[in-house]
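So the chains spell out like this:
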Amino acid sequence: MADNDSVERVEAESGWGVLHLFYAVDRERAAADPAGAARVLDAVAAFADAEHQVLTFAVLGHKADLGIMALGPDLARLQQLQHALAAAPLRATWSYVSLTEGSEYTTTEDDERARLAAEDGVTDSAEVEARLAVWRDRMAHYRENRVHPRLPMKKTICFYPMSKRRTGDDNWYSLGFPERKRLMGGHARVGRGYAGRVLQLITGSTGLDDWEWGVTLLADDPGALKEIVYEMRFDEVSARYAEFGPFVTGLVLEPADALRRVGLGT
Ligand code: 76R
């Protein structure tokens, strides 16, 4: 990837590109290619910079051996990473393309003002303003993390794609905005119960890949991955309106460690 800079950047006006890549190690090619691991490490190192990030993981189960989640503003750089990896002794088993996004259901200032009055009994205008200033700061940070994430190293990762249902009476897209927003409020409440235990990155893929979102969950405790998905199944947004693709789970490791664990490199 030495010619990174010679390729024209391709960026979305809003949102970063996210590529989930899944590979099986090609044992025959790996045995014949002592530089196999170095090819992967070089490709990953050439991709990563202050904005472009890669998480590597050893996959549990037979859907893949190695998982690579790459994200950053430049889709051309993502494609270059994918292309560089094609030279390694790996066989692609699956991939997923999405973009980071803000949410149309995020709490607005008016929502928060109403909540302050209803739940916290705060109506004095000076205090409302002070509370809103803190809230604005937190939300700006939250939105920034969602659209321009820098993912932390957690021990385990789970990735799956999902869509909202569009059948019969259960058509998410024929609901009005206030109803969707109300339902998403319940979803967010369940999610907030996992603050600090599960980090989620929801990336949009409508028009880009086979499902509507990619869901990436990171947690030190693999049990938390199971717990959050289970609890969400009871929430109406998931119980009634969600459809899910395949789930892949892995152990997040530094790239060289991940490669060793899957039998590439020493
Ligand atoms: O305002 C906000 O951005 C926070 C509220 C919020 C939104 C809008 C939120 C909170 N999510 C939002 C949107 Mn979510 N989320 C999932 C899954 O397995 C399943 O059943 C569903 C997969 C999980 C585990 C999860 C976790 N969320 C979305 C959307 C887009 C919907 C749309 O635009 O129509 C999807 C597809 C989706 C799916 N969600 C949270 C979580 C968690 C843990 C939170 C709390 C985050 C926090 O407040 O820190």
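Scope of this entry: the structure provided in the associated data block. Keep in mind the model is a prediction, meaning the values are calculated, not measured. (Residues numbered from 1 in each chain as written. Predicted model: local features only at pLDDT ≥ 70, side-chain atom pairs only at ≥ 80, totals over all residues. Heavy atoms only, no water.)

### A closer look at the overall build of the protein chain
Scanning the protein chain from N- to C-terminus turns up 9 helices and 11 strands. Projected onto the principal axes, the alpha-carbon positions of the protein chain cover approximately 70 × 40 × 35 Å. For the protein chain, the accessible surface area stands at approximately 14,000 Å², while carbon and sulfur atoms represent 52% of it. Taking the average location of the 31 positive side-chain charges in the protein chain and that of its 41 negative ones, the two points are 5 Å from each other. (Helix = DSSP H or I, 4+ residues; strand = E, 2+ residues; numbered from the N terminus. Areas by Shrake-Rupley, 256 points an atom, 1.4 Å probe, with all protein chains shown as cover. Lys, Arg positive; Asp, Glu negative; His and termini not counted. Charge placed at Lys NZ, Arg CZ, Asp CG, Glu CD.)

### Description of the pattern of salt bridges
Under the criterion given, the structure shown has 24 salt bridges. One salt bridge in this structure joins glutamate 127 and arginine 131, with 3.8 Å as the shortest N-O distance. Taken as a pair, glutamate 127 and arginine 131 lie in helix α5 (residues 125–147) at a separation of 4 residues, close to a single helical turn. Across the salt bridge formed by glutamate 129 and arginine 136, the nearest N and O atoms sit 3.7 Å from each other. Its relative accessible area of 37% is what places glutamate 129 among the partly exposed residues. Assessed through its relative accessible area of 36%, arginine 136 is described here as partly exposed. Shared partners join several salt bridges into a network, and the residues in it are Glu112, Arg115, Glu119, Asp120, Glu127 and Arg131. (Salt bridge = Lys/Arg side-chain N within 4 Å of Asp/Glu carboxyl O. Buried < 20%, exposed > 50% of the residue type's maximum accessible area, 1.4 Å probe, protein only.)

### A short note on the site of the ligand
Taken together, 24 residues lie around the ligand, and Ser103, Arg146, Tyr160, His187 and Ser238 are the ones closest in. One of the side-chain N or O atoms of lysine 164 is found 3.5 Å from an oxygen atom in the ligand. Contributing elements (two or more residues each) for the shell around the ligand: α5, β5 (156–164), α6 (177–192), β8 (199–204), β9 (213–219) and α7 (222–234). With 5 residues, α6 is the largest single contributor of residues to the shell around the ligand. Split by residue class, the shell around the ligand holds 15 nonpolar, 6 polar and 3 charged. (Near = heavy atom within 4 Å. Polar contact = N/O pair within 3.5 Å; in protein donor to acceptor, adjacent residues only side chain to side chain. Nonpolar A, V, L, I, M, F, W, Y, C, P; charged D, E, K, R; others polar.)

### Things to note about the coordination of the manganese atom of the ligand
A lone protein donor binds the manganese atom of the ligand: His187 (NE2), at 2.2 Å. By the secondary structure assignment, histidine 187 is in helix α6. (Donors = N, O, S within 2.8 Å, 3.2 Å for Na, K, Ca; no water.)

### Thoughts on the nonpolar core
Within the largest apolar cluster, 26 residues are counted, with the highest numbers of intra-cluster contacts made by Val40, Val54, Ile68, Leu81, Leu85, Leu90 and Leu264. Where this core is concerned, the elements lending two or more residues are β1 (17–25), α2 (36–47), β2 (53–60), β3 (66–72), α3 (75–85) and α9 (255–261). A per-element tally of this core places α2 first, with 5 residues. Excluding residues that lie within four positions of it along the chain, leucine 85 makes contacts with Leu21, Tyr23, Val40, Ala43, Ile68 and Leu90. (Core = buried A, V, L, I, M, F, W, Y, C linked by side-chain atoms within 4.5 Å. Contact = heavy atoms within 4.5 Å.)

### Considering the pairing of strand β4 (residues 90–100)
When β1 meets β4, the two strands line up antiparallel, connected through 9 bridges. Along β4, the bridge assignment pairs tyrosine 23 with alanine 92. Examined bridge by bridge, β4 and β8 share 2 bridges and lie antiparallel to one another. The residue of β8 that forms the bridge with leucine 99 is glycine 204. (Pairing = 2+ DSSP bridges.)

### A word on α5
Its 23 residues give α5 an end-to-end C-alpha distance of 32 Å, which sits within 8% of 33 Å, the value for a rise of 1.5 Å per residue. Along α5, the residues that are buried comprise Val128, Leu132, Trp135, Met139, Arg146 and Val147. Residues of α5 that are buried make contact with β4, α4 (109–120) and β8. (Expected span 1.5 Å × (residues − 1).)

### Observations regarding the environment of arginine 197
Structurally, the position occupied by arginine 197 is in the loop between α6 and β8. With a relative accessible area of 34%, arginine 197 lands in the partly exposed category. Taking the C-alpha atoms as reference points, arginine 197 and arginine 39, 158 residues apart in sequence, are found 34 Å from one another. With residues near it in sequence (within four places) discarded, arginine 197 still touches Leu218, Ala219, Asp220, Asp221, Ala224 and Glu227. A distance of 3.1 Å separates the side chain of arginine 197 from the side chain of glutamate 227, its partner in a polar contact.

### Considerations on the environment of glutamate 11
In this fold, glutamate 11 is placed in the segment before β1. Accessibility expressed as a relative area gives 46% for glutamate 11, which makes it partly exposed. Considering only alpha carbons, one finds glutamate 11 and aspartate 74, 63 residues apart in sequence, at a separation of 5.2 Å. Residues within four places of glutamate 11 in sequence aside, it is in contact with Pro73 and Asp74. Polar contacts involving the side chain of glutamate 11 include one to the side chain of arginine 9, which spans 2.6 Å.

Interpretation in functional terms is not warranted from these geometric data alone.
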